[in-house]
Structures are given as C-alpha cells and as structure tokens.
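Close look at the chain arrangement
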Amino acid sequence: MFELIYFARPDSYMEGRNLYEVRRRMGMQLAGERPAEADLVMPVPDTGAPAAAGYAEASGIPYREGLVRNRYSGRTFIQPSQTMRQRGVTIKLNPLREVVRGKRLAVVDDSIVRGTTTKQIVSLLRRAGAAEVHVRISAPPIYHPCFYGIDTQVETELIAATHSEEQIREFIGADTLGYLSIRGVLAALELPYERFCFACFDGRYPDPVPYDAASRKFILEEPVPARG
C-alpha cells in the first residue's frame, strides 16, 4: 500500500488506478474524516501535493504552496542517520513567508515515519510566522516495519508504534494532527482490502515474518542459497 501512497510516481497506474487521482481522493477522504479550521491548505512538497489538492477541494479552503522544495535534494526519511535526516530537511525545504505569515495552515503530507521531518517542517512554518499549523496525513499511522522492500526500521524507530496520536502531535509541535483511516484509503481506491498489503498499518503480514528484533529487519533480503 505504501507504494500507492508514497513511492510510485503520481502518473503511474496501479490496480487500474491513476495514482495522482487516488492520492487526490485520499485527500478528499481526509478532509471529511479530519477537518481543520484553517485559512489555507498547503502540501509538503512534492508527494503531499495531490492529497492537499483533494483536501482543499473537499473542504473549500483555498490551496496555496507555502513551502518550496530544493529539487537537488533526496528523500530524507531513508537517510541512514538522524543527523543526515535533520540536515536534509533544512536543505530540502524553504517556507514562503509572505504566504504563511499570520495564517492558520492545514499542512498535508502523505505519511509520518519517524516524525523528525514533520517536526522540522512545523518548526520552519512557525519561524516563518504561521499562526497555527494543523498537520493532516493522507495515510494511516505506520505501526509496523515492512519486510517487502520498503526501507522502514523496527518498531522502536516508528513514532506511531511508541507514541499515541496526542504524543506525536506534541512531538512535532502541531496545533492538531489527523491521519486518514484504512477505511478512508479503501474508499479512495474503491477496491477491496484483500487486494493490498496493509501490514505496516495493521500488522497483518501476507507472509510470515520473523519477530526476533536482532535479525528480522533484513532476513527476507538474504540471498537464496544456490541449488545443486
């Protein structure tokens, strides 16, 4: 499911669905499930843009871009160290002060993994003069690691696995925080649950996985022994 929410390009088609449209519909579902009293809806570039457009459309709140992305930087949540991830955010994003100053912002992103990137984004917006920052996430909380190729770590590094929603809100410094439900994701897709792997969200792995914390992260990536 994380492929549809984040990794795949928005012009891709998966399960017969255009992913830009799927993500826009996720934003519309999110606006219905977790409304915000805000002056502007803005995306976290670039992957939050389709959901933010849907959120603005469904809520009637104007859509504006309040962050500019440096296109020469990479994705931060897959950086190998916390220091590199924090430095990457400050290089990657810059606020548009004239847009955000004095405004109540509904800030839409596709996911929160460790929480550190979102915390820095909220801080950037507050320093730029935002009156309020309401974070909305167009995916459910990520509770469990992925063993099928997505580079998430063990539960101790996934903030939703160790913190309540209110604790996450406090950690990132937002005025409010809201996630989309699994039911909302499926409503946006108009496809049944059984067509997808939701294991990182609900722990229902389609294939058995090891639960030895010392070895489980890379066990499914070990080379297959040669036959004969």
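Okay, so let's go over this structure. (Residues numbered from 1 in each chain as written. Predicted model: local features only at pLDDT ≥ 70, side-chain atom pairs only at ≥ 80, totals over all residues. Heavy atoms only, no water.)

1. Observations regarding the overall build of the chain
Looking only at helices and strands, the chain features ten helices and eight strands. The buried share among the 228 residues of the chain stands at 48%. Considering only residue pairs separated by 6 or more positions, the chain has 71% of its internal contacts joining residues 24 or more positions apart. Per element, the accessible surface of the chain, about 11,300 Å² overall, is 51% carbon and sulfur. (Helix = DSSP H or I, 4+ residues; strand = E, 2+ residues; numbered from the N terminus. Buried < 20%, exposed > 50% of the residue type's maximum accessible area, 1.4 Å probe, protein only. Contact = heavy atoms within 4.5 Å. Areas by Shrake-Rupley, 256 points an atom, 1.4 Å probe, with all protein chains shown as cover.)

2. Some thoughts on the nonpolar core
If you look at the biggest cluster of nonpolar residues, it comprises 62 residues, and the most contacted ones within it are Met1, Leu125 and Phe201. Apart from the residues lying within four places of it in its own chain, the contact partners of Phe201 are Met1, Phe2, Ile5, Ala139, Pro140, Pro141, Ile142, Tyr143, His144 and Ile182. (Core = buried A, V, L, I, M, F, W, Y, C linked by side-chain atoms within 4.5 Å.)

3. As for the packing of aromatic side chains
Per the stated rule, a full pass over the model turns up seven aromatic pairs. Grouping aromatic residues by their ring pairs yields a cluster made of Tyr193, Phe196, Phe198 and Phe201. Looking at Lys119, its charged tip hangs above the ring of Phe171, at a distance of 4.5 Å from the centre. (Phe/Tyr/Trp six-rings, centres within 6.5 Å; stacked < 30°, edge-to-face > 60°. Lys NZ or Arg CZ within 6 Å of the ring centre and 35° of its normal.)

4. Focus on the sheet that holds strand S8 (residues 176-179)
Pairing in this open sheet of four strands is parallel, and the strands run S3-S6-S7-S8 from one edge to the other. The two strands at the open ends of the sheet, each matched to only one other strand, are strand S3 (40-43) and S8. Averaged over all neighbouring strand pairs, the angle between strand axes comes to 20 degrees, with direction disregarded. Looking at chain direction, strand S6 (residues 104-109) and strand S7 (residues 132-137) are connected through six bridges and run parallel. (Pairing = 2+ DSSP bridges. Axes fitted to C-alpha atoms, helices over the stretch in contact; angles between N-to-C directions.)

5. Overview of the pairing of S7
The buried count for S7 comes to five of six residues, which makes it a mostly enclosed element. In this fold, S6 hands off to helix H6 (residues 116-127), which returns the chain to S7; that crossover is right-handed. Sheet topology note: the S7/S8 ladder contains four bridges and is parallel. Of the residues in S8, the one forming a bridge with Val135 is Leu177. (Right-handed = clockwise from strand over helix to strand, strands pointing away.)

6. Considerations on the pattern of salt bridges
For the structure on display, the rule yields twelve salt bridges. The closest approach of N and O atoms between Asp11 and Arg9, which form a salt bridge, is 2.5 Å. For Arg9, a relative accessible area of 57% corresponds to the exposed category. Salt bridges linked by common partners bring Glu21, Arg24 and Glu57 together as one network. (Salt bridge = Lys/Arg side-chain N within 4 Å of Asp/Glu carboxyl O.)

7. Overview of the packing of helix H2 (residues 19-33) against helix H9 (residues 182-189)
Packing of H2 against H9 brings their axes to within 8 Å, and their N-to-C directions diverge by 135 degrees. Overall, the two elements H2 and H9 adopt an arrangement that is oblique. Both H2 and H9 take part in a crossing whose hand is right-handed. On H9, the residues touching Val22, Arg25, Met26, Gln29 and Glu33 of H2 are Gly184, Val185, Ala187, Ala188 and Leu189. (Parallel < 35°, antiparallel > 145°, perpendicular 65-115°, else oblique. Left-handed = near helix turned anticlockwise from the far one by under 90°.)

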